[in-house]
Amino acid sequence: MSPYQTKIIEQTAAFVQQTLAAAEGGHDWWHIYRVWRLSKSIAKTEKVDNFVVELGALLHDIADSKFHNGDETLAPKIARNFLASLQVEENIISHVENIIVHISFKGGNQVQKFKSPELDVVQDADRLDALGAVGIARTFNYGGYKNRPLYNPDIKPNLNLTKEEYKNSNAPTINHFYEKLLLLKDRMNTQTAREMAEERHRYMEAFLAQFYREWKGEI
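Just so you know, these numbers come straight off a predicted model, no measurement behind them.

Cut-offs and rules
- Residues numbered from 1 in each chain as written.
- Predicted model: local features only at pLDDT ≥ 70, side-chain atom pairs only at ≥ 80, totals over all residues.
- Heavy atoms only, no water.
- Axes fitted to C-alpha atoms, helices over the stretch in contact; angles between N-to-C directions.
- Helix = DSSP H or I, 4+ residues; strand = E, 2+ residues; numbered from the N terminus.
- Parallel < 35°, antiparallel > 145°, perpendicular 65-115°, else oblique.
- Left-handed = near helix turned anticlockwise from the far one by under 90°.
- Contact = heavy atoms within 4.5 Å.
- Nonpolar A, V, L, I, M, F, W, Y, C, P; charged D, E, K, R; others polar.
- Phe/Tyr/Trp six-rings, centres within 6.5 Å; stacked < 30°, edge-to-face > 60°.
- Buried < 20%, exposed > 50% of the residue type's maximum accessible area, 1.4 Å probe, protein only.
- Lys NZ or Arg CZ within 6 Å of the ring centre and 35° of its normal.

A. Expanded view of the packing of helix α5 (residues 90-102) against helix α6 (residues 117-128). Running from amino to carboxyl end, α5 crosses α6 at an angle of 45°, the nearest separation of the two axes being 10 Å. Taken together, α5 and α6 sit at an angle that is classed as oblique. The way α5 lies across α6 gives a crossing that is right-handed. Contact residues: α5 offers His95, Ile99 and His102, while α6 offers Glu118, Leu119, Val122 and Gln123. Here the residues of the contact of α5 with α6 sort into three nonpolar, three polar and one charged.

B. Highlighting the packing of aromatic side chains. Within this structure, the stated rule accounts for 17 aromatic pairs. For the pair Trp29 and Tyr33, a centre-to-centre distance of 6.1 Å together with 50° between the ring planes defines the contact as tilted. Of this pair, Trp29 and Tyr33 both sit in helix α2 (residues 29-43), separated by four residues, roughly a single helical turn. For Tyr33, a relative accessible area of 27% corresponds to the partly exposed category. Centroid distance Phe211 to Trp215: 5.8 Å. Interplanar angle 20°. Geometry classified as stacked. Here Phe211 and its partner Trp215 are both found in helix α10 (residues 191-215), four residues apart, which amounts to about one turn of the helix. We classify Trp215 as partly exposed; its relative accessible area is 43%. Taken together through their ring pairs, the aromatic side chains of Phe140, Tyr151, Phe177, Phe207, Phe211, Tyr212 and Trp215 make up a single cluster. Lying across the ring of Trp36, Lys40 places its NZ or CZ 4.3 Å from the centre.

C. Looking closely at the environment of His95. Checked against the element boundaries, His95 lands in helix α5. For His95, a relative accessible area of 18% corresponds to the buried category. Put simply, His95 and Leu161 are 66 residues apart on the chain and 29 Å apart in space, counted from C-alpha to C-alpha. The residues touching His95, leaving out its near neighbours within four places in the chain, are Val52, Phe114, Ser116 and Glu118.

In structure tokens, the structure reads:
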């Protein structure tokens, strides 16, 4: 990247860190930081615009709709206004907006309407951060934030949630593993992410097996 682009990235990182200073622990600056790092690692094996990848990673959760009354227009608006204030080119701003709008898992079998190699990279990085040890920690942190039960064997996971049902679900936290997390391994876009997801997926499966044994008082 050029010195100009490097400066923009530095300014964006500082903006995001300040904006998310008080965010919920699973969607805070450190989530962004991990996704940013993962995106840069995955991008090394892909033909992408690294400037767009880094901006998309840094801004992808600048205003997660879960914490803003379901408003999905706020994040792209904030990103656009910020990047425009730095006089970033319109085509870059538009691409970053599309990454923000289309990155999230929507539940069920929702069809993604925008694709780009840059989105593929950032989306994979975001999905990887929902897997493994960090993914488990984030899941229970958010479940606690929403005051959800850990597990209720009488409430079964719903693998065919609509977008609205997924957004408004109050199901036990364990259900989230089946409704989202365990599905992500097979939804990675890049070979690098697919390989990284395998180990994290196995870790979650081992965790669930241990959880059920302890729940039943077997160990």
